[in-house]
Amino acid sequence: MRYLKLFIALIFVLSNQIFAQSEQHTISGYIKDDATGETLIGATIYSQDAKVGVISNPYGFYSLTLPEGKHNLLITFVGFQTFKKEIDLTSNQKIDINLKGKDVELDEVIVTGEREDANVSEVQMSAQKLEIETILKLPALLGEVDVIKSIQLLPGVSTVGEGATGFNVRGGGVGQNLVLLDEAPVFNSSHLFGFFSVFNPDAVKDVKLLKGGIPAQYGGRLSSILDVRMKEGNSKQLKVQGGVGVIFSRLTVEAPIIKDKMSFLIGGRRSYVDILAGPFLEDDLQGSKFNFWDLTAKLNYDINENNKVFLSGYWGRDTFGTASLFSSSWGNVTGTFRWNHLFNEKLFSNVTAYISDYDYALGVNDVSDSFNWESRIKTYSVKPEFTWYLGTKNTITFGGQSIIYDFAPGTTTAVSGGQELPPFSLQNQYGWENSIYIGNDQKISDKISLQYGLRLSAFTYMGPGTTYEYYPADEPNQRREPIPGSEKEYGDWEPIETHTNLEPRLAVKYQFNEKSSVKASYNRMAQYIHLISNTSAASPLDIWSPSTNNIPPQIGDQYALGYFRNFKDNMIEFSGEVYYKPIQFLLDYVDGADLLLNQNLEGDLLPSKGRAYGLELYVKKNTGKLTGWVSYTLARSEQATAGVNQGIYYPTRFDQTHNVTVSGFYEINKRWSLSANFNFVTGTPTTFPTNQIQVQGYSVPHNVDGVRNNQRIGYYHRLDLSATLNGKKKPDRRWEHYWVFGFYNTYARKNPYSVYFQPQTERSPQGVPPPNQAIRLSVIGNIIPSVSYNFKW
Amino acid sequence: MKNFIYISTLIISFFCISCEDVINVDLETGRPQIVVDGWINNKFESQKIRLLSTSGYFDNTTPPYIENATVRVLDLVNNKTLNFTYDSDGYYTWTPTTLADTLIVRQRPGDFDRDGDGLYDNYYKLEVSVVFDNKDLQFESYTSLERVPSIDSLFFQTSKGDTEKDDQIYGELFAKDFAGPADCYWIKTWKNDNFLNKSSEMLLAFDITPGRSDYGNILTQATPFIPPVRLGINLSISEEEDERGEKNYEVGDSVYCEIHSMTEKAFDFMSASRSAMANGGLFATPLANVPSNIVASNKDAEGMVVGVFCGSAISSLGYRINTKPPYDNRKL
């Protein structure tokens, strides 16, 4: 309530300002790429005379209110020529701007001193934007360019190792990231466990990661928002691009349907490891299936100057199995419909409706025995959003979201020895998440800007379903049994438990001068759905659970402070940030927890709390023949659970003290360019045994004081290199092609993924346990060369 | 899950990029604790309970024996005390004098709650007192002997070989789990009188499945074990053993199986032990201590004792492979 009062006071202050202003007019419109008609996200439009500017929103729309009179406008965007326009403002104007690419003309374009100083001038901190051009240049595993692997090179972002699904942001778990593809959530962003991500780089327009200072329009996860936006499709002419790599082949087609009004994009990828491997597989693996594919499609239509609609979809699937006995598969399907509507030059709205369906299945089918398991999560959502460009100094965003969750955690059918078993299913669980928000970007003076907002979120765990109450555990780390007779039945849509949270957001920027600023932010996030996983890497079989009558939502705060400084006309940008994140509620698991197909899963969960803090330093060189960045993260991520590690804080599996990344790109000439990437990470924590217990001739590992994550596996470091050879460009032909040659893990280091303890596999004499041994697993223990061929026309 | 891990390992190794190396790790040995290895059964034979000390994880010598303890088991149904006396190698023994003195197996459902207090009754209580580390420790544990199904048959088939591999004989155990929840079993197999003693050959069943499941709640009739349990009586052969030409079963081999009923707590202990000894790979779980059912009964004993106490009823069946079994029609 305190926050609400503060908020109303601020609105009051700001409304006074509105009436105090002199005669003003608004220019508005879309900023687009001249060559393709794609709207540009985050382009800056700036009046040199009024010294105010605004950046285009995720749909390329801008609205800027200026005093009456002459204005010199500068429109800038990374990778594009700066556009200058002089206007005489006497009334509201609609101005659509088309920016030309830097390499459009053959002569070197001299870019005027106008800068991309967004990192200093914007209020938003802890945000990381990766240009798709940068992602394309980074050396990649097996030459497959990858969005998720690329963001792991940024400060504060990490992974527990190669092959691990997802990513960790500022000490948070994999399930604490909201991964959005055209605003629809993607529950599993990985192909082939974690080796590749589901995003087709040819179809991606923009990638933005928010680690902190998260504005009010986002919510639902504690750690980060990864906002991936797809291209709309070339509205000028037919464009085809694709490539042939070691893992995937890919092809993307985009074209106008009605020139400048309606266009589409469709892109697909398929792996062909199985096809290549087929002839080499031994008899019993003949016919093995392992493939993954994805298809991305989008259609957009400019109905008129005030209305635009978009339809986008993603289909992807991973399938693994033997010819007929064993099969396993998982996949995401998302569909998004969006409608942009301009009420007037100052009020922009977007309504998004999406469905997202994630399913995973396992099956064993023999002659007289079978077992099939299926699980899925469906979400349906509507999300209206409004942006009100109030004046030169305020931009108000408000809106809401309603999400319905349908979890089917497990449905099985089985036959044993010819006898059909009764079907066994865990009950479906339903949740309804509703939120409303309002936020304001406010410029107080040339030096001080604010971004503040409030989000009110509520989650209702609802029927149909049965709830249980549990006995308290005798000791903290013990399975709790349901109380007989405590079952309660609930009907369709009947609320079981509602959790409500007020999530305040605040960010402040103080700009010393054009080159430097300091920013601070606070945000509270509430997360109502939980990834249930106690393995070292998240597995595709991990289930999600809603907050229930027994599982409270996760609530996390984040305080961050940063200093931003640019050098040499923004050629070099520097940022340093510190953060502290206390988390009120996390999940932990009883020892030996049984997470799959467990009717009383809630009894195997333990309440836990967490904290993460760290320092992130980032230096980036933007221009010149040599570009790139150095990032360093010093961090800690800890968790405390009664009954685990004697209740004392212990480092989480993704705690990495030091994480250094150096990424560099060097352009030798017009045809050859090189890139390199070096990564050093402190080994992740793990638990080592201190003793053995001998029982019945077996030697069981034992840690005498039940200490968790008391040791670290060795350092991780790796160097990747790649070289790009551009084909000769012929001015009269649109065909362009390039080769990428790469080496992953160039000096073939056997980086540890985990160290585990097992008895030797040789048979030992009767009654005597075999000797124990420690084994280091390196997921990638060798240098991996790659080559790929890419084309477009 | 096992298949899933197998397939994932296969895919990763297809890239020829992952590798596992045995490494040297310096482990600090923790303070010693007492380990109770107490398994009693309904056979007319000498009953043994073993007390050892924990030892360093890489220590290959036999752990120190606990020789000076007082060990007794109370029969809570008949109010009798069974005094176990020290024999050797850490074993304390007690032998029933007549057949009528053998331990009793609880029958369901009537025997579950004899005194009608709504709580699960145990038949036997272990009491141990011992001076260890200059402290007088006392601890206890409870168990019953649960019902056990008979083994219907041991069935052998031949899986057809090819140019690379010979024909392979493998066995399958058929037994039906009782209707009703949480029947736990440990199935032990001997090949030519040698117990299959690898941790990867430890075969447990929770009702019809190898791990905990809720099937017991929904099955209304006796049901055969599912294949991972039925086929679990075969050998686990390492790559090196395979290269040396070691075979699963051959004509002439004798195979003997026993089903030991277990309490749920003992199942959790052994199941966690099996996981801890097999833990590894991409989806390893953090090392967690196995859940002991031995409870300290005085302050000094807290945090000083681990292990398991369990009673079992035993059924058994043997088979000699005299001729080559018929070929199977399995898919793999």
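Sequence order as written defines residue numbering, which begins from 1 separately in each chain. Chain labels run from A onward and ligand labels from 1 onward, assigned in the order the entries are written. The predicted nature of this model means local features are confined to residues of pLDDT at least 70 and side-chain atom pairs, given and counted, to a pLDDT of 80 or more, with totals for whole chains, interfaces and linings taken over all residues. Computation of side-chain values covers all heavy atoms of the structure but excludes hydrogens and water.

Concerning the overall build of chain A
Of regular secondary structure, chain A possesses five helices and 52 strands. As defined in this context, the radius of gyration uses C-alpha atoms, and a globule is described by 2.2 Å times the residue total to the power 0.38. Here the C-alpha atoms of chain A give a radius of gyration of 27 Å, agreeing with the 28 Å that 2.2 N^0.38 yields for 793 residues. For chain A, the spread of C-alpha atoms along the principal axes amounts to about 95 × 65 × 45 Å. Across the 793 residues in chain A, those meeting the buried criterion constitute 59%. A contact between two residues is defined here by any heavy atoms of the two lying within 4.5 Å. Pairs at least 24 residues apart make up 66% of the contacts formed inside chain A by residues separated by at least 6 positions. For helices the rule is a DSSP run of H or I covering at least 4 residues; for strands it is a run of E covering at least 2, with both sets numbered from the N terminus onward. Relative accessibility under 20% of the residue-type maximum defines a buried residue, over 50% an exposed one, and the middle range a partly exposed one, all with a 1.4 Å probe and only protein chains included.

Points about the overall build of chain B
Scanning chain B from N- to C-terminus turns up five helices and 18 strands. Relative to the globule expectation of 20 Å for 332 residues, the C-alpha radius of gyration of chain B, 22 Å, shows essentially globular dimensions. Overall size of chain B, expressed as C-alpha extent along the three principal axes, is 65 × 50 × 40 Å. Buried residues in chain B amount to 52% of all 332 residues. In chain B, the share of contacts with a sequence separation of at least 24, taken over all contacts with a separation of at least 6, comes to 67%. To measure how exposed things are, a 1.4 Å probe is used in the Shrake-Rupley method; for residues, cover is taken only from the protein chains shown. Total accessible area on chain B stands at roughly 15,300 Å², and carbon and sulfur atoms take up 48% of it. Averaging the positions of the 30 positive and the 48 negative side-chain charges in chain B gives two centres separated by 4 Å. Counting rule applied: Lys, Arg positive; Asp, Glu negative; His and chain ends not counted. For the purpose of locating charges, the reference atoms are NZ of Lys, CZ of Arg, CG of Asp and CD of Glu.

Looking at empty space enclosed by the protein
All names here are of chain A. Using only the protein atoms, space was sampled on a 1 Å grid; points where a 1.4 Å probe fits but cannot get out form cavities, open sets with protein on both sides within 12 Å along at least five of seven lines form pockets, and lining residues are those with an atom within 4 Å of a point. Grid points are joined across faces, edges and corners, and a volume is the space filled by probe spheres set on the points. A complete count under the given rule lists 15 cavities of 30 Å³ or more for this structure. The volume enclosed by the largest cavity comes to roughly 410 Å³. Lining the largest cavity are 35 residues, and of these Gln152, Thr159, Asn679, Tyr716 and Arg718 sit closest to its centre. Those elements that provide at least two residues to the lining of the largest cavity are helix 4 (147-151), strand 10 (157-158), strand 43 (672-681) and strand 48 (716-726). Three classes are used: nonpolar for Ala, Val, Leu, Ile, Met, Phe, Trp, Tyr, Cys and Pro, charged for Asp, Glu, Lys and Arg, and polar for all others, with Gly counted as polar. Its residues assigned to classes, the lining of the largest cavity shows 16 nonpolar, 13 polar and six charged.

Some remarks on the sheet that holds strand 13 (residues 184-185) of chain A
Residues and elements named next belong to chain A. Strands are treated as partners if at least two bridges between them are detected by DSSP. On the basis of which strands lie adjacent, the open sheet formed by five strands has the order 9-16-17-12-13 and mixed pairing. The open sheet terminates on both sides in strands that have one partner only, identified here as strand 9 (127-130) and strand 13. Pairing geometry for strand 16 (residues 204-210) and strand 17 (residues 224-230), over six bridges, is antiparallel. Bridge assignment links leucine 210 to a residue of strand 17, and that residue is isoleucine 225.

Observations regarding the UniProt feature "domain: TonB-dependent receptor plug" (unreviewed entry) in chain A
UniProt positions are given in the numbering used here, feature names are shortened, and annotations may be inferred rather than shown by experiment. Taking the UniProt record as the reference, the feature "domain: TonB-dependent receptor plug" (unreviewed entry) is found at residues 145-221 of chain A. A distance of 27 Å separates the end C-alpha atoms of residues 145-221 of chain A, which is 6% helix and 29% strand.

Some details on the interface of chain A and chain B
Between chain A and chain B, the contact holds 99 residues from the first and 97 residues from the second. Between chain A and chain B lies a buried interface of about 8,600 Å² when both sides are counted; carbon and sulfur atoms form 60% of it. By definition, the buried area sums, over both parts, the 1.4 Å-probe accessible area that each loses when the two are put together. When the buried area of chain A at its contact with chain B is split by residue, Gln696, Tyr698 and Arg763 of chain A rank highest and sum to 9% of it. Any Lys or Arg side-chain nitrogen found within 4 Å of a carboxyl oxygen on Asp or Glu counts as a salt bridge. On inspection of chain A and its partner chain B, the count reaches seven salt bridges. One salt bridge connects aspartate 21 of chain B with lysine 750 of chain A, and the closest N-O pair in it is separated by 3.5 Å. Polar contact is the term for a pair of N or O atoms within 3.5 Å; when the atoms are in protein, one must be able to donate a hydrogen and the other to accept it, and sequence-neighboring residues count only if both atoms are side-chain atoms. For the interface between chain A and chain B, the tally reads 29 residue pairs in polar contact (both at pLDDT 80 or more).

Some points on the sheet that holds strand 14 (residues 223-224) of chain B
Whenever strands of a sheet pair, they do so through backbone hydrogen bonds, lying parallel or antiparallel. Residues and elements named next belong to chain B. Read across the open sheet, the three strands follow the order 9-10-14; overall the sheet is antiparallel. For this open sheet the edge positions go to strand 9 (151-159) and strand 14, each flanked by a neighbour on one side alone. Looking at chain direction, strand 10 (residues 168-177) and strand 14 are connected through two bridges and run antiparallel. If you follow aspartate 177 over to strand 14, its bridge partner there is threonine 223.

Section: unusual backbone geometry
All names here are of chain A. Going from glycine 463 to proline 464, the amide bond is cis rather than trans, its omega being 5°. The backbone phi angle of asparagine 645 is positive, close to 55°, even though this residue is not glycine. On the secondary structure map, asparagine 645 appears in the loop between strand 40 (626-641) and strand 41 (650-651). Phi at alanine 748 is positive, roughly 50°, even though this residue is not glycine. Within the secondary structure layout, alanine 748 lies in the loop between strand 49 (736-744) and strand 50 (754-759).

Considerations on the domain arrangement of chain A
Residue and element names in this part refer to chain A. How far each domain reaches was decided by an automatic or database domain assignment. As assigned here, chain A comprises domain 1 (2-103) and domain 2 (127-792). Placing a centre on the C-alpha atoms of domain 1 and another on those of domain 2 gives a separation of 33 Å. With 35 residues of domain 1 at the interface, the matching set in domain 2 holds 44 residues. In this assembly, domain 1 packs against domain 2 so that about 3,400 Å² is buried in total across both faces, 57% of it on carbon and sulfur atoms. Applying the counting rule to domain 1 against domain 2 returns one salt bridge. Between domain 1 and domain 2 we count 12 residue pairs in polar contact (both at pLDDT 80 or more) in total. At the level of secondary structure, the elements contributing two or more residues to the side of domain 1 that touches domain 2 comprise helix 1 (2-20), strand 1 (24-33), strand 3 (52-55) and strand 4 (61-67). For the side of domain 1 that touches domain 2, the element with the most residues is helix 1, which contributes seven residues.

Focus: the side chain of asparagine 332 of chain A
With respect to the helices, strands and loops of the structure, asparagine 332 of chain A is situated in strand 23 (residues 326-344). Once you skip the residues sitting within four places of it in the chain, asparagine 332 of chain A turns out to touch Val186, Phe187, Asn188, Val198, Tyr314, Trp315, Gly316, Asp357 and Tyr358 of chain A.

Quick word on the confidence of the model for chain A
Atom-level detail of predicted coordinates should not be read off regions where pLDDT is low. The pLDDT averaged across chain A works out to 88; a share of 93% of its residues lies at or above 70. Scored below 50 in pLDDT, residues 105-115 of chain A makes 15 contacts in the model with residues more than four places away or belonging to other chains. Confidence of the predictor at the level of single residues is given by pLDDT, which spans 0 to 100.

Notes on a nonpolar patch on the surface
Residue and element names in this part refer to chain A. Each patch is assembled from residues with relative accessible area greater than 30% and no salt bridge, linking like charges that lie within 9 Å and nonpolar side chains (Val, Leu, Ile, Met, Phe, Trp, Tyr) that lie within 5 Å. Together, Leu626, Tyr666, Ile668, Trp672, Leu674, Trp739, Phe741 and Val787 line one region of the surface with nonpolar side chains, adding up to about 690 Å² of accessible area. Residue assignment for the nonpolar patch shows that the elements contributing at least two residues are strand 43 and strand 49. Looking at where tryptophan 672 falls in the secondary structure, it is placed in strand 43.

Some points on the packing of aromatic side chains
Residues and elements named next belong to chain A. For this analysis, a ring pair means two rings from Phe, Tyr or Trp (six-membered ring only for Trp) whose centres lie within 6.5 Å, classed as stacked if their planes differ by under 30 degrees, edge-to-face if by over 60, and tilted for the remaining angles. In total, this model carries 45 aromatic pairs over all chains according to the counting rule given. Measuring from ring centre to ring centre gives 5.3 Å for tyrosine 510 and phenylalanine 512, while their planes differ by 75°; the resulting arrangement is edge-to-face. Through a chain of ring-to-ring contacts, three or more aromatic side chains come together here, namely Tyr30, Tyr59, Phe61, Phe310, Phe348 and Tyr389. Geometrically, a lysine NZ or arginine CZ counts as sitting over a ring once it is within 6 Å of the ring centre and also within 35 degrees of the ring normal. The side chain of arginine 338 reaches across the aromatic face of phenylalanine 310, ending 5.3 Å from its centre.

Some remarks on the pairing of strand 6 (residues 83-89) of chain A
For a regular strand, side-chain orientation follows a simple rule: the groups alternate between the two sheet faces. Residue and element names in this part refer to chain A. Looking at chain direction, strand 5 (residues 69-76) and strand 6 are connected through seven bridges and run antiparallel. Bridge pairing in strand 6 places leucine 73 opposite lysine 85. Taken together, strand 5 and the strand that follows it, strand 6, pair antiparallel across an intervening segment of six residues, in which glycine 79 is found at a positive phi of about 85°.

Section: the pattern of salt bridges
Applying the stated criterion to the full structure yields 53 salt bridges over all chains. Its salt-bridge partner being aspartate 268 of chain B, residue arginine 479 of chain A comes within 3.7 Å of it at the nearest N-O pair. Taken together, the residues arginine 479 of chain A in the loop between strand 31 (465-467) and strand 32 (488-490) and aspartate 268 of chain B in helix 5 (residues 264-278) connect one chain to another. Residues joined by salt bridges that share partners form a network here, namely Asp182, Glu183, Asp227, Arg229, Lys298, Arg338 and Lys383 of chain A.

Concerning helix 5 of chain B
Since the α-helix advances by 3.6 residues per turn, residues separated by three or four positions end up pointing in the same direction. Residue and element names in this part refer to chain B. With 15 residues, helix 5 extends 21 Å from end C-alpha to end C-alpha; this agrees with the ideal 21 Å at 1.5 Å per step. Of all 15 residues making up helix 5, 11 are buried, and the element is well covered by its neighbours. Along helix 5, the residues classified as buried are Ala266, Phe267, Asp268, Phe269, Met270, Ser271, Ala272, Ser273, Arg274, Ala276 and Met277. To estimate how far a helix should reach, multiply one less than its number of residues by 1.5 Å.

What about the nonpolar core?
We define a nonpolar core as any set of buried Ala, Val, Leu, Ile, Met, Phe, Trp, Tyr and Cys residues linked to one another through side-chain atoms lying within 4.5 Å. Phe196, Ile532 and Tyr753 of chain A are the most contacted members of the largest nonpolar core, which totals 72 residues. Beyond its immediate sequence surroundings of up to four residues, isoleucine 532 of chain A is in contact with Asp542, Ile543, Ser545, Leu587, Tyr589, Leu595, Leu601 and Leu605 of chain A.

Things to note about a positive patch on the surface
A surface patch of like charges, here positive, comprises Lys625, Lys670, Lys729 and Lys792 of chain A. Among the structural elements, lysine 729 of chain A can be located in the loop between strand 48 and strand 49.

Quick notes on the state of the cysteines
In a disulfide, the sulfur atoms of two cysteines are held together by a covalent bond. Defined by distance alone, a disulfide is two cysteine sulfur atoms within 2.5 Å. Tallying each qualifying case throughout the model produces zero disulfides over all chains. Here cysteine 184 of chain B stays unpaired: no disulfide links it, and the sulfur of cysteine 310 of chain B, its closest cysteine neighbor, is 8.9 Å away.

Examining the side chain of aspartate 328 of chain B
All names here are of chain B. Looking at the secondary structure, you find aspartate 328 in the segment after strand 18 (314-320). Polar contacts involving the side chain of aspartate 328 include one to the side chain of tyrosine 170, which spans 2.6 Å. When residues no more than four places from it in sequence are discounted, the contact partners of aspartate 328 are Gln157, Thr158, Ser159 and Tyr170.

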